[in-house]
Amino acid sequence: QLGLSTKKADDFSKWYSELVVASELISYYDVSGCYILRPWAFSMWEVVQRWFDDNIKKLGVQNAYFPMFITEDVLNTEKDHVEGFAPEVAWVTRAGNSEMDKPIAIRPTSETVMYPYYAQWIRSHRDLPLRLNQWTNVVRWEFKYPTPFIRSREFLWQEGHTAFATQAEADTEVRQILDFYAGVYQELLAVPVTQGQKSDKEKFAGALYTTTVEAFIPDNGRGVQGATSHCLGQNFSKMFGIEFETEDHGKSHAWQNSWGLTTRSLGVMIMTHGDDKGLVLPPRVAPKQVVIIPIPKSSSAPEQVAAMFEQVKAFKASLESSSVRVETDYRTNYTPGWKYNHWELRGVPIRMELGPKDMDNKTVVLARRDTGAKEFVPWDQVATRVPELLEQIQADMLAKAKARYDACVETVTTWDAFMAALNNKHMALAPWADEEEVEEDVKKRSATADAMGAKTLCIPFEQPPLPEGAVCFASGKPAKNWALWGRSY
Ligand SMILES: O=C1CCCN[C@@H]1CCCn1cnc2cc(F)c(F)cc2c1=O
Ligand SMILES: [Mg+2]
């Protein structure tokens, strides 16, 4: 399977679908909207999990596991939210040949699974804060077009569900978690995001407020929600009776948060950095960070080949002792060029070449996957240069993606400039009235024959100053704040 047949700029969605399969991240599966995560993908999910899990554990969050099945009655406890989602809920109706007298839902999210037990476990302020997380799969029978990692009917995520005695504690944690989400995207995946609050229209109906990290795909001009951290207020604790005795022997409902990050994060990284030769992986998540390729001459004597292979083994051991993840490719039945394509397609950040001249000169060639730049490194500097170069690649990938992201944000104050930005496949940062009917109106007016309408992606925490007398770009009403708008997944 040589390279890709579709160029990223020619047909983005075809390029992406082809890439995730050709790079052995994904296999399409028998059930529509479901995908197999192969080791090259799962290993990256494990890096994300490890980093996020270590961080929430430092906060005092504990992992647990709750059942995936929900009875109809229990699912309908939060009826007014679930009814909007009802079409997405998958049900078990039969076991073997016998119909169930009551169908059982497969969890699309776990509030209704967990909170009845929170109500049992939380009686006193001493039982607070209760902070649990679970790493699970969830099922949502989406009808929108499925896309590997980005939208699937089953996906992996973590869902955190925390309960506090006071709103202040909940507010603090919402932002701590959101900062971790920004860290997953920017520090691990080298993907820039904007942190902000969702509008009342876009927030989770059950939440008091929703905060979000918003990514963007310049190639198709679409925003994509990266992860979400909700403050639920006392909405769910009143629904589920999660009450506690306060220190002064009064009664109060708990203040809750819930927060989630999914395997969608990998899809955003692939879309952001991939090119026409394949994946370009940020070193911090790359399953293998360096691939060492010996290049013996066909006329090399056996002892020369053996010496070369020995040297490769020595480099592998030395780099692995510095926790560098090393692949080696000794295959003699493939040409160097074929091997270069193979590992470029898989996005390995650094290729180390070792040929006959390198054996004579005691050098290696390091080739960067992100820029293609090559450099000669003396053998005795390999152990220090490789980790340094990996960090440089990580930083450069984020900087490049950040520059591109920022170039896609147009600050606008008029409708025409807003539409021009959207038609430029850009986002628009615009002053607005912060009213739901404005969003409804913009969604309709900005829809074109071949592109959906725009929505608010978030109200960025970092707000530009609002000029005196500024008006809403869409309604002309007095502007309340700046929102980031875009077409989105
Ligand atoms: O977004 C998160 C973070 C992790 C925990 N859950 C919250 C809210 C999830 C909002 N949501 C999202 N999607 C849903 C789909 C359904 F089919 C359904 F029955 C319910 C929901 C639903 O409540
Ligand atoms: Mg949904």
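Just so it is clear, the model here is predicted, and its values are computed rather than measured. (Residues numbered from 1 in each chain as written. Chains lettered and ligands numbered in written order. Predicted model: local features only at pLDDT ≥ 70, side-chain atom pairs only at ≥ 80, totals over all residues. Heavy atoms only, no water.)

### Looking at the state of the cysteines
Reasoning step 1: Summed over the entire model, instances satisfying the criterion amount to 0 disulfides.
Reasoning step 2: With no disulfide of its own, C458 lies 15 Å from the sulfur of C408, the closest cysteine sulfur.
Reasoning step 3: With relative accessibility at 0%, the residue C458 sits in the buried group. (Disulfide = S-S within 2.5 Å. Buried < 20%, exposed > 50% of the residue type's maximum accessible area, 1.4 Å probe, protein only.)

### Regarding the site of ligand 1
Reasoning step 1: Neighbouring residues of ligand 1: 17 residues in total, closest F85, T109, E111, R140 and H230.
Reasoning step 2: The side chain of T109 places a nitrogen or oxygen atom 2.9 Å from a nitrogen atom of ligand 1.
Reasoning step 3: A distance of 2.9 Å separates an oxygen atom of ligand 1 from a polar side-chain atom of H230.
Reasoning step 4: Mapped by element, the contributors of at least two residues to the shell around ligand 1 are α4 (79-85), β8 (154-164), β11 (222-233) and β14 (255-262). (Near = heavy atom within 4 Å. Polar contact = N/O pair within 3.5 Å; in protein donor to acceptor, adjacent residues only side chain to side chain. Helix = DSSP H or I, 4+ residues; strand = E, 2+ residues; numbered from the N terminus.)

### Description of the packing of aromatic side chains
Reasoning step 1: Across all of its chains, the model carries 27 aromatic pairs by this definition.
Reasoning step 2: Between Y115 and Y118 the ring centres are 5.4 Å apart and the planes differ by 45 degrees, which places this aromatic pair in the tilted class. Taken together, the positions of Y115 and Y118, both in helix α5 (residues 111-121) and 3 residues apart, correspond to about one turn of that helix. Neither residue differs from the other here; Y115 and Y118 are each classed as buried.
Reasoning step 3: Their ring planes at 85 degrees and their centres at 6.5 Å tell us that F216 and Y405 sit as a pair that is edge-to-face. Note that F216 is positioned in strand β10 (residues 209-217) and Y405 in helix α12 (residues 382-407), a separation of 189 residues in sequence. Just as F216 is buried, Y405 falls in that class too. (Phe/Tyr/Trp six-rings, centres within 6.5 Å; stacked < 30°, edge-to-face > 60°.)

### Structural notes on helix α6 (residues 167-188)
Reasoning step 1: Counted at 1.5 Å a residue, the expected span for α6 with its 22 residues is 32 Å, and the 31 Å between its end C-alpha atoms agrees.
Reasoning step 2: All of the buried residues along α6 are A170, E173, V174, I177, L178, F180, Y181, A182, G183, V184, Y185 and L188.
Reasoning step 3: Looking one or two places after α6, you find A190, whose phi comes out positive at around 55 degrees. (Expected span 1.5 Å × (residues − 1).)

### Some remarks on the pattern of salt bridges
Reasoning step 1: A complete count under the given rule lists 28 salt bridges for this structure.
Reasoning step 2: Across the pair K316 and E320 runs a salt bridge, and its minimum N-O distance is 2.7 Å. Taken as a pair, K316 and E320 lie in helix α9 (residues 302-320) at a separation of 4 residues, close to a single helical turn.
Reasoning step 3: Exposure remark for K316: the relative accessible area of 23% places this residue in the partly exposed category.
Reasoning step 4: Each member of the salt-bridge network shares a partner with another, and the members are K277, E344, R351, E353 and K374. (Salt bridge = Lys/Arg side-chain N within 4 Å of Asp/Glu carboxyl O.)

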